[in-house]
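# Observations on chain architecture
Here's the letter readout for the chains.
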Amino acid sequence: MARMNTPLDFQGWLPIRLWQGDAGWRVDWCWFGERRLTRPFFRDDVDLALRLPFNQAMRRETDVQALLDGYARSPGLSPTALLFHASRCGSTLVAQLLASQPRNIVLSEPAPLDNLLRAARQDPAAASWQAEALRALCSAYGQRRQGDEQQLLIKLDAWNIFDAPLLTALYPDAARVFLYRDPLEIVVSQLRQAGMHRVPGLLGASGLDSLLPAPQAMGTVEYTCRMIGEILAAGLTLCERHGAIAVNYSELPDAVWGRLGPLFGIQPGDVADLRAVAAFDAKQPAMNFSADSQRKREEADDEIRAAVIRWAQAPYNALESIRLRNV
């Protein structure tokens with residue numbers, strides 16, 4: 001596979017990896033051409049694009065400066081909306097509904113953006129160029145590859161809630177949404193199938209590091225409940241101080257074309273198609289959707305229920321108070 005460290009035009013190319021190498025921070029690019037991002041997660045779209053013969057024969061790797069130079073030559077759409085979430089609460093469904101509309105560019109948890117948001121936690125020197133690089137990265141993703149795209153919508157990873165102040169400062173006009181659900185249901189889901197942030201040491205440096213005691217000092221249930229509690233508390237701050245819209249999982253999917261419709265530019269004629277998309281499982285689009293809230297609640301034992309009440313119930317209740325004042 002050929003790799004080139006030469007300038008490139010953003011047209012057709014998307015960053016698929018951003019990391020700190022021996023020679024500094026590097027960007028790996030992949031040719032997408034006019035292909036839309038439609039899969040449940042950005043990594044799924046990347047996997048498909050990497051199968052193209054061109055990408056198997058030719059890839060591009062650059063330094064971060066090439067990313068900044070590309071932004072200067074070809075600025076793209078700025079983010080229209082930033083979707084933060086507490087995990088396991090319908091954010092993938094929202095992203096899939098929005099991605100079904102050709103006028104939208106939807107990024108669903110792109111790893112390069114996550115790595116860049118957390119770069120200064122790993123490398124303090126990155127703080128001097130992080131904000132400028134974030135603008136350039138989002139601009140690369142916001143290129144009109146088909147020509148008629150109108151909105152760039154970004155779904156972040158759950159732990160990116162701790163980097164929300166940086167994004168909201170960069171994009172003060174972008175709408176903010178915080179999705180959440182009953183923490184008992186989130187905790188049971190995380191205990192059933194752990195996300196990256198639920199496994200100590202797997203994620204790397206994040207905003208959770210200074211908020212939680214050493215994982216070995218807690219059991220798995222306590223660690224999970226405290227982690228979800230901190231995410232909910234950060235989401236509460238985002239709503240109170242930065243104007244984010246609080247949305248409960250229980251409102252989905254109707255809230256997308258209901259009270260969030262004006263925010264996402266959804267028209268009455270779009271609703272039938274969106275309802276059809278919502279009938280399928282967001283993470284496994286070939287399967288019909290099946291509600292599982294009751295099953296999750298029935299799985300919770302007394303230890304889990306007590307830990308949720310202690311560590312995560314208060315911020316959830318506060319979020320509900322905000323939401324119910326605005327529905």
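Owing to the predicted nature of the structure, the values given are computational and were not obtained by experimental measurement. (Residues numbered from 1 in each chain as written. Predicted model: local features only at pLDDT ≥ 70, side-chain atom pairs only at ≥ 80, totals over all residues. Heavy atoms only, no water.)

## Let's talk about the sheet that holds strand 8 (residues 175-180)
The sheet built from 5 strands is open, its strands ordered 6-7-5-8-9 with parallel pairing. With partners counted over all chains shown, the strands left at the sheet margins are strand 6 (104-108) and strand 9 (245-248), one partner each. Looking at each pair of strands side by side, their axes are set apart by 20° on average, direction ignored. As judged from the 4 bridges shared by strand 5 (residues 79-85) and strand 7 (residues 151-155), these two strands associate in the parallel manner. Within strand 7, the position partnered with P79 by the bridge is L152. (Pairing = 2+ DSSP bridges. Helix = DSSP H or I, 4+ residues; strand = E, 2+ residues; numbered from the N terminus. Axes fitted to C-alpha atoms, helices over the stretch in contact; angles between N-to-C directions.)

## Considering the packing of helix 3 (residues 64-73) against helix 7 (residues 130-141)
At their nearest, the axes of helix 3 and helix 7 sit 9 Å apart, and the two run at 65° to each other. Crossing geometry of helix 3 relative to helix 7 is assigned as left-handed. Counting all contacts with helix 3, which are made through V64, L67, L68 and Y71, the residues of helix 7 involved are E132, A133, R135, A136, L137, S139 and A140. The class makeup of the residues in the contact of helix 3 with helix 7 is 8 nonpolar, 1 polar and 2 charged. (Left-handed = near helix turned anticlockwise from the far one by under 90°. Contact = heavy atoms within 4.5 Å. Nonpolar A, V, L, I, M, F, W, Y, C, P; charged D, E, K, R; others polar.)

## Topic: helix 15 (residues 302-311)
Taken together, the buried positions of helix 15 are occupied by I304, A307 and V308. Axial view of helix 15: buried residues confined to an arc of 100°, hence all on one face. Those residues of helix 15 that are exposed and angled more than 90 degrees off the buried face are D302, I309 and R310. Of the residues that open helix 15, the one with a side-chain oxygen 3.2 Å from the backbone nitrogen of E303 is D301. (Buried < 20%, exposed > 50% of the residue type's maximum accessible area, 1.4 Å probe, protein only. Arc of directions from axis to C-beta. Polar contact = N/O pair within 3.5 Å; in protein donor to acceptor, adjacent residues only side chain to side chain.)

## Topic: the side chain of N160
Structurally, N160 is set in the loop between strand 7 and helix 8 (164-170). Setting aside residues no more than four positions away along its own chain, N160 makes contact with F84, D114 and L117.

## Observations concerning a nonpolar patch on the surface
Taken together, the side chains of M196, V199 and L202 make up a nonpolar region of the molecular surface, amounting to roughly 250 Å² of accessible area. Secondary-structure assignment places V199 in the loop between helix 9 (183-192) and helix 10 (220-242). (Patch = residues over 30% accessible without salt bridge, like charges linked within 9 Å, V, L, I, M, F, W, Y side chains within 5 Å. Areas by Shrake-Rupley, 256 points an atom, 1.4 Å probe, with all protein chains shown as cover. Salt bridge = Lys/Arg side-chain N within 4 Å of Asp/Glu carboxyl O.)

## Side note on the packing of aromatic side chains
Taken as a whole, this structure holds 7 aromatic pairs when the rule is applied. Ring geometry for F178 against Y180: centres 6.0 Å apart, planes inclined by 15°, an arrangement best described as stacked. The pair F178 / Y180 is uniform in exposure class, with both members buried. Grouping aromatic residues by their ring pairs yields a cluster made of W13, W31 and F54. The positively charged end of R17 is found above the aromatic ring belonging to W19, 3.7 Å away from the centroid. Its guanidinium or amino end placed over the ring of F41, R43 lies 4.4 Å from that ring's centre, counting from NZ or CZ. (Phe/Tyr/Trp six-rings, centres within 6.5 Å; stacked < 30°, edge-to-face > 60°. Lys NZ or Arg CZ within 6 Å of the ring centre and 35° of its normal.)

## Some details on helix 1 (residues 42-49)
Buried within helix 1 we find F42, D45, V46 and A49. The buried side chains of helix 1 occupy one side of the element, clustering within an arc of 100° when seen end-on.

## So, the nonpolar core
Judged by nonpolar contacts, the single largest core of 77 residues is most densely connected at F84, I161, F178 and L232. Take this core: its biggest share by element is 11 residues, from helix 10. (Core = buried A, V, L, I, M, F, W, Y, C linked by side-chain atoms within 4.5 Å.)

## As for the packing of helix 9 against helix 10
At their nearest, the axes of helix 9 and helix 10 sit 10 Å apart, and the two run at 130° to each other. If you check the angle between helix 9 and helix 10, you find them oblique. Considering the relative orientation of helix 9 and helix 10, their crossing is right-handed. Residues P183, I186, V187, Q190 and L191 of helix 9 touch helix 10, and the partners they reach there are T220, V221, T224, C225, I228 and L232. Looking at the contact of helix 9 with helix 10 residue by residue, the class counts come to 8 nonpolar, 3 polar and no charged. (Parallel < 35°, antiparallel > 145°, perpendicular 65-115°, else oblique.)

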